[in-house]
Amino acid sequence: MRLSRIIMALTAGAAVVLAPTAAGAAAPQPAPDYPPQPPALTANRSTVHVGQPIVLTCTGFGPNETVDFDVSVAPLAASVPGQAPARRSDGSTVAMAAVAFPQQAPQHFTAETNAAGRCTVTYRPTEPGTYTFTATGRESGRTASVTVTVLPKKKPGGGGQLPVTGDSMGTPLKVGGGLVGAGAVLMLGSLVWRRRNRFGMGSPR
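Residues numbered from 1 in each chain as written. Predicted model: local features only at pLDDT ≥ 70, side-chain atom pairs only at ≥ 80, totals over all residues. Heavy atoms only, no water.

J.: Can you walk me through the packing of aromatic side chains in this structure?
T.: By convention here, two paired aromatic rings are described through the distance between centres and the angle between planes. Evaluation of the coordinates by the stated rule reveals five aromatic pairs. Look at F109 and Y123: their rings are 5.8 Å apart centre to centre, the planes differ by 25 degrees, and that puts the pair in the stacked class. With F109 in strand β7 (residues 107–112) and Y123 in strand β8 (residues 119–123), the pair connects residues that are 14 residues apart, well separated along the chain. The class of Y123 is buried, set by a relative accessible area of 9%. Taken together through their ring pairs, the aromatic side chains of F69, F109, Y123, Y131 and F133 make up a single cluster. (Phe/Tyr/Trp six-rings, centres within 6.5 Å; stacked < 30°, edge-to-face > 60°. Helix = DSSP H or I, 4+ residues; strand = E, 2+ residues; numbered from the N terminus. Buried < 20%, exposed > 50% of the residue type's maximum accessible area, 1.4 Å probe, protein only.)

Structural data, given as structure tokens:
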């Protein structure tokens, strides 16, 4: 009888000691606190031509939220990167200035993110300029922007060389000067020939 009481007392004591450990093991552990991914907006190319698609990708926004895109357009600078220089008739080159277009009113469109806060949209520019795209999440308030340079539309078969009309009279003037010189030589030759014939064929008095 005394032995059974001792066994029961030991069992009860072990239960009391092991109860907090079991409760702690059964309780769910809190998830680690990772910092949120910063919002970002990227474009597939930094420079395109009018009519070529621009693929915009946003990341780090809220899951399944609406993202507003605002587009502002500024005129191109005086020199256009990637523009081939014009060539004169004498072989020299001259830098071409870009045509400045009036600034457009900002454009607007929207896109929906997926569960990971990511979205992809395609945009086609209609005129040259410096395009700034700004994405803003409606629920999260996160924002990001990217800038793309849009060059004038490519001309088929242009070969990258542009004519310069200011030097177009150079070749005709050179040809005309050569013709005038040749005419003067022929006229002098004709006068010499006539003079020789006149004195050579005349009878002495």
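J.: Would you mind going over the environment of R45 with me for this structure?
T.: Mapped onto the fold, R45 is located in the loop between β1 (40–43) and β2 (47–49). Its relative accessible area of 42% is what places R45 among the partly exposed residues. With residues near it in sequence (within four places) discarded, R45 still touches Q52 and V148. A polar contact of 3.4 Å, which involves the side chain of R45, links it to the backbone oxygen of T47. (Contact = heavy atoms within 4.5 Å. Polar contact = N/O pair within 3.5 Å; in protein donor to acceptor, adjacent residues only side chain to side chain.)

J.: Where do I start with the environment of P75 in this structure?
T.: Among the secondary structure elements, P75 is positioned in the loop between β4 (66–74) and β5 (86–87). Take P75: its relative accessible area is 35%, and that puts it in the partly exposed class. Sequence separation between P75 and E127 is 52 residues, and the spatial gap between their C-alpha atoms is 9.7 Å.

J.: How should the nonpolar core be read in this particular structure?
T.: Soluble, globular proteins show a tendency: their nonpolar side chains are buried together. L41, I54, L56, F69, Y131 and F133 are the most contacted members of the largest nonpolar core, which totals 22 residues. Among the secondary structure elements, those contributing two or more residues to this core are β3 (54–59), β4, β8, β9 (129–137) and β10 (143–151). Apart from residues no more than four positions distant in its own chain, L41 is found in contact with L56, T57, C58, F69, F133, T134, A135, A144, S145 and V146. (Core = buried A, V, L, I, M, F, W, Y, C linked by side-chain atoms within 4.5 Å.)

J.: Is there a simple way to think about the confidence of the model for the chain in this case?
T.: Close inspection of predicted coordinates is inappropriate for parts of the model with low pLDDT. Confidence in the prediction for the chain averages 73 pLDDT; 45% of positions are at 70 or higher. Across residues 94–103, where pLDDT falls below 50, the model places 19 contacts with residues more than four positions away in sequence or in other chains. Below a pLDDT of 50 lies the segment residues 159–164, which in the model reaches twelve contacts outside its immediate sequence neighbourhood of four places, other chains included. (pLDDT = per-residue confidence, 0-100.)

J.: Is there a simple way to think about the state of the cysteines in this case?
T.: A covalent bond between the sulfur atoms of two cysteines is what we call a disulfide. For the structure shown, the criterion picks out one disulfide. The disulfide bridge from C58 ends at C119, spanning 2.0 Å between sulfur atoms. Taking the sign of the S-S torsion, 135 degrees for the link of C58 and C119, the bridge is right-handed. On the criterion of sequence distance, the pair formed by C58 in strand β3 and C119 in strand β8 is long-range, its members being 61 residues apart. Each member of the pair, C58 as well as C119, carries the same accessibility label: buried. (Disulfide = S-S within 2.5 Å.)

J.: Can you walk me through the sheet that holds β3 in this structure?
T.: Pairing within the open sheet is antiparallel, and its three strands lie in the order β1-β3-β8. Each end of this open sheet is capped by a strand with a single partner; those strands are β1 and β8. Put simply, the sheet's adjacent strands are angled 20 degrees from each other on average, direction ignored. Pairing of β1 with β3, which is carried by four bridges, proceeds in the antiparallel orientation. What sits directly across from A40, in β3, is T59. (Pairing = 2+ DSSP bridges. Axes fitted to C-alpha atoms, helices over the stretch in contact; angles between N-to-C directions.)

J.: What's the story with the side chain of T59 in this structure? I'm lost.
T.: Relative to the assigned elements, T59 resides in strand β3. Residues contacting T59, with those up to four places away along its chain left out, are Q37, P38, P39, A40, G117 and R118.

J.: Teacher, can you tell me more about the sheet that holds β9 here?
T.: Strand pairing in a sheet relies on backbone hydrogen bonds, with the paired strands running either antiparallel or parallel. Spatial strand order, β2-β10-β9-β4-β7: five strands in an open sheet with mixed pairing. Edge strands, defined here as strands with exactly one partner in the open sheet, are β2 and β7. Averaged over all adjacent pairs, the angle separating strand axes in this sheet is 30 degrees, with direction ignored. Pairing geometry for β4 and β7, over six bridges, is antiparallel. When the bridges of β7 are listed, V71 appears paired with Q107.

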